[in-house]
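Commentary on secondary and tertiary structure
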Amino acid sequence: MADGPPGNSLVGRFSRAALVLIGFGILGVVGCSVKCEPSALLVEEEPNLQAYRFSDIGVGQGVRMIGDHLYIYGQSETGGIVQELDSNLKPTGWIGSLNYQGFPLVAKPVSIAYHEGKPTFIGATSHKRKAVLYQIDWSLFYEDKNLDRALLRTIEDPESGEATRPEYVLYGDQWYLATTGYDREKTEIRLMDPERLTEVDSTTEVGVIRYRIEGDPYIQNLFWSESESQLVLVQNIGYVKGWRLTSLDLQKAVEGGVAPIVKTRCFPDQSELEGYSRLSDTREVFLTSSLKENLFVSPSP
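Everything numeric here is computed off the predicted structure, so don't read it as measured data. (Residues numbered from 1 in each chain as written. Predicted model: local features only at pLDDT ≥ 70, side-chain atom pairs only at ≥ 80, totals over all residues. Heavy atoms only, no water.)

1. Focus: the confidence of the model for the protein chain
- Summarising the model, the protein chain shows a mean pLDDT of 87, and 87% of its residues fall at 70 or more.
- Long-range and interchain partners of residues 5-32, a stretch whose pLDDT sits below 50, account for 86 contacts in this model, where long-range means more than four residues apart. (pLDDT = per-residue confidence, 0-100. Contact = heavy atoms within 4.5 Å.)

This is the structure we're talking about:
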């Protein structure tokens, strides 16, 4: 299959995600699971999704809307790669490498947190298998297509374990950087001061973490739904057993310290979900770690 949008759609079931030996070792999620138990908040879906293949990014890790473009990113043999797609999900020709002076600095980019007027952060796994936030200048990265001039600061995030997943969220009238790790027992979502992060070397320093919220385990990524004021946890129902999107009421979560679930959406029999976003026309975008079809998009509203 050629790169880019194929002409056919795929209903319900998709290709299985591959375990790939690349970068730090074997990738993929084995034996990790959250449940989709019947409840009044559970919605089981088997939607008609359009399947795409974008091989340049390697093993998919996440998606991010910036302006009217969609950026997909992943872990390739040469390091982290970011690819730009237009509103029709066609490659624009722009591809950025997350290398610094020829070194694959961000080999596994887990999440890119971007909000206009705020610092841009890449959440990643460092070469020492530790969670790291890289503050970058997005404009310079876009111009140079590498991090040689764009890298501003490296910030350790020890509470996130091996990888950190940043996302901008709005609480009250302030924008915070929410992040979490990939814990197997209990996950804590932390809301941090993004401006303070630009002054420190670790998220444990004074004034960085403003709020703490208990959450579900096995979070692959975070997505902020501004229209609903909800934080969406991007998860998997076990290895290649399905996807799960868990929507939380952020206001109540911050006030109570525990994240109340608004809705749980389960998608059975899918590949391994890594990232989730919504296009400007509200279509949903799902990125998987598959080396075959890796991007799935819902129909136009």
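Structure shown, so let's carry the discussion forward.
2. Here we look at unusual backbone geometry
- The phi torsion at Arg129 lies on the positive side, around 60°, for a residue other than glycine.
- Structurally, Arg129 can be placed in the loop between β11 (120-125) and β12 (131-136).
- Using a relative accessible area of 37% as the deciding quantity, one classes Arg129 as partly exposed.
- Not every positive phi belongs to a glycine, and Ser229 is a case in point at roughly 55°.
- Structurally, Ser229 can be placed in the loop between β18 (219-225) and β19 (230-236).
- Of the residues examined, Ser229 reaches a relative accessible area of 41% and is grouped as partly exposed. (Helix = DSSP H or I, 4+ residues; strand = E, 2+ residues; numbered from the N terminus. Buried < 20%, exposed > 50% of the residue type's maximum accessible area, 1.4 Å probe, protein only.)

3. A closer look at the sheet that holds strand β17 (residues 209-215)
- With antiparallel pairing, four strands are arranged side by side in an open sheet as β14-β15-β16-β17. The sheet terminates laterally at β14 (167-171) and β17, the two strands that pair on one side only. Neighbour to neighbour, the strand axes of the sheet diverge by 35° on average, direction disregarded.
- Pairing analysis gives three bridges linking strand β15 (residues 174-179) to strand β16 (residues 187-192), with the strands arranged antiparallel. When the sheet's bridge partners are listed, Leu177 is paired in β16 with Met192. (Pairing = 2+ DSSP bridges. Axes fitted to C-alpha atoms, helices over the stretch in contact; angles between N-to-C directions.)

4. Focus on the packing of aromatic side chains
- A complete count under the given rule lists 18 aromatic pairs for this structure.
- With centroids separated by 5.3 Å and ring planes inclined at 85°, the aromatic side chains of Tyr71 and Trp138 adopt a geometry described as edge-to-face. With a gap of 67 residues between them, Tyr71 in strand β7 (residues 69-76) and Trp138 in helix α1 (residues 138-144) connect regions that are remote in the sequence.
- For Tyr71, a relative accessible area of 4% puts it in the buried group.
- Measuring from ring centre to ring centre gives 5.7 Å for Tyr176 and Tyr211, while their planes differ by 80°; the resulting arrangement is edge-to-face. Taken as a pair, Tyr176 in strand β15 and Tyr211 in strand β17 lie far apart in primary sequence, 35 residues in all. (Phe/Tyr/Trp six-rings, centres within 6.5 Å; stacked < 30°, edge-to-face > 60°.)

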